[in-house]
Amino acid sequence: MSITHADDELFMRRALELARRAWGNTHPNPMVGAVIVENGEIVAEGWHRKAGTAHAEVAALDTLGRRPNEDAVLYVTLEPCSTCGHTGACTEAIIAAGISHVVVGTEDPNPKHAGRGLQRLRETGIRVRSGILADLCADLNLIFNHWIAQGTPLLSAKMALTLDGKFASASGQSRWVTSNSSRTNVMLWRRYFPAIAVGGTTVLQDDPTLTSRIGEEVWCPIRFVFDRELKTLDASKCPQLYSDRYADRTVILCSEKLALGAGTKTDICLWPLPESRGHLDWNAFRQRCVEEKIYGVYIETGPKLATAVIENYLVDYLFIYQAPKLMCDSGSPGLGSLRNSNSMDEVFAFKEPRFIRLGEDLLTRGFIG
């Protein structure tokens, strides 16, 4: 039975669905899904569940439990690895199993390895096609792709705005700018990232939990609070972040100058950071994340923090949730400072932007250039 391009996309979409079952669980590894097709039908499926477990290709072969038929086609969302890690090279497992045809979504993002797995398969006579739904397959692993190529965590900023760029009313009331659909989507991204961050002002005003709540699952990432002056420790009411059952996953990012005397005031972990231009040094924060093997941070911003991270290129990626509403109030907190820009050449442009409808809202996300 001949397989068409439409068939390729159908089976690759199924592999993507399988990969997403491990949403947020595989760091530092990528999410990967695989299916084995014989006579136009899926006969086995697999996905990488978490670091240290079988890769998707091996999981699918194990599920099949026998030697594949001669016409068997393996679909996998990411180029099979060609180097031996904890679980061995997937290229060798595919060759040993007798698979004669492999279809790949996207190549390995590591410049040192990209294409090597495909080359190894072709050298043994296996037919290989790549680039099927490559954009979707690559987008699945934003954190992994950035880490493997740059060696640094993916720092992203999330904000919820009206059409005229306002975060709240002039009184500061911000519940809710966007719809329930947008807030549900935020929970998914909180589950995707291994760490989440907010400013100290947000902690004092909103007393957030910063957990991901999807259905009955409550999951807590590492929780960072940007609090240079340790104002949150002086609050009359202890923030939830510092006293709930996940308190040991909370970290306050503060000035080195203030950290010395603060250690006896709290059991919460402090990360003292140097200052730069009156703010915490984000390069030092990024490097500390590298040392602690924190591969991505989802930063939920208010107007001051959002403006700072964009204008100073402190983050790599943006999530902007926009509601079809207009505040039309110059006194309302909004995005941007008085930059006195002279032309449209001074805009901050998205790279690889994506647009997703969430009920009546629009999510625009992408790399900031």
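For the structure itself, consult the block above.
Keep in mind that what you see is a predicted model, and the values were worked out from it rather than measured. (Residues numbered from 1 in each chain as written. Predicted model: local features only at pLDDT ≥ 70, side-chain atom pairs only at ≥ 80, totals over all residues. Heavy atoms only, no water.)

Draft legend 1. Highlighting the packing of aromatic side chains. Counting across every chain of the model gives 19 aromatic pairs. Summarising the aromatic geometry, the rings of W189 and F319 are spaced 4.8 Å apart at their centres and angled 55 degrees between planes, so their arrangement reads as tilted. Highlighted residues: W189 in helix α7 (residues 180-192) and F319 in strand β16 (residues 317-322), separated in sequence by 130 residues. The residues W189 and F319 share a single accessibility class, namely buried. Over the ring of W176 we find R183, and its NZ or CZ is 4.3 Å from the ring centre. Above the ring of W219, the side-chain terminus of R191 is found at 4.4 Å from the ring centroid. (Phe/Tyr/Trp six-rings, centres within 6.5 Å; stacked < 30°, edge-to-face > 60°. Helix = DSSP H or I, 4+ residues; strand = E, 2+ residues; numbered from the N terminus. Buried < 20%, exposed > 50% of the residue type's maximum accessible area, 1.4 Å probe, protein only. Lys NZ or Arg CZ within 6 Å of the ring centre and 35° of its normal.)

Draft legend 2. Expanded view of the nonpolar core. W189 and Y321 are the most contacted members of the largest nonpolar core, which has 52 residues in total. For W189, the contacting residues outside a window of four places in its chain are W23, L142, Y298, F319, Y321, L363 and R365. Judged by nonpolar contacts, the second largest core, of 28 residues, contains L253, W282, L305 and I320. (Core = buried A, V, L, I, M, F, W, Y, C linked by side-chain atoms within 4.5 Å. Contact = heavy atoms within 4.5 Å.)

Draft legend 3. Up close: the sheet that holds strand β2 (residues 41-47). Spatially, β2-β1-β3-β4-β5 is the arrangement adopted by the 5 strands of the open sheet, whose pairing is mixed. This sheet does not close on itself; its edge strands, each paired only once, are β2 and β5 (127-130). Strand-to-strand twist in this sheet, taken as the mean axis angle between neighbours without regard to direction, amounts to 20 degrees. Strand direction decides the pairing type here: strand β1 (residues 33-38) and β2, joined by 6 bridges, are antiparallel. Bridging from a neighbouring strand, V37 pairs with I42 of β2. Helix-sheet contacts for helix α1 (residues 5-19) involve β1, β2, β3 (73-78), β4 (101-106) and β5, and the interaxial angle to β1 is about 140 degrees. (Pairing = 2+ DSSP bridges. Axes fitted to C-alpha atoms, helices over the stretch in contact; angles between N-to-C directions.)

Draft legend 4. Quick peek at unusual backbone geometry. P28 follows H27 through a cis peptide bond whose omega is 5 degrees. Tracing the sequence through the fold places P28 in the loop between α1 and β1. One non-glycine residue, L230, lies in positive phi territory at about 55 degrees. Its location among the elements puts L230 in the loop between β10 (222-226) and β11 (250-255). Although it is not a glycine, Y313 adopts a positive phi angle of roughly 50 degrees. Tracing the chain through its elements places Y313 in the loop between α11 (303-311) and β16.

Draft legend 5. Here's a closer look at α7. The first and last C-alpha atoms of α7 sit 19 Å apart over 13 residues, in line with the 18 Å expected at 1.5 Å per residue. Taken residue by residue, α7 has S182, N185, V186, M187, W189, R190, R191 and Y192 as its buried positions. (Expected span 1.5 Å × (residues − 1).)

Draft legend 6. Structural detail: the environment of H27. Assignment of secondary structure puts H27 in the loop between α1 and β1. Between the C-alpha atom of H27 and that of F144, which follows or precedes it by 117 residues, the distance is 7.4 Å. Once residues lying within four places of it in the same chain are set aside, the contact partners of H27 are A51, I143, Y192, P194 and Y295. A polar side-chain atom of H27 sits 2.8 Å from the main-chain carbonyl oxygen of Y192. (Polar contact = N/O pair within 3.5 Å; in protein donor to acceptor, adjacent residues only side chain to side chain.)

Keep in mind these values describe shape, not function.
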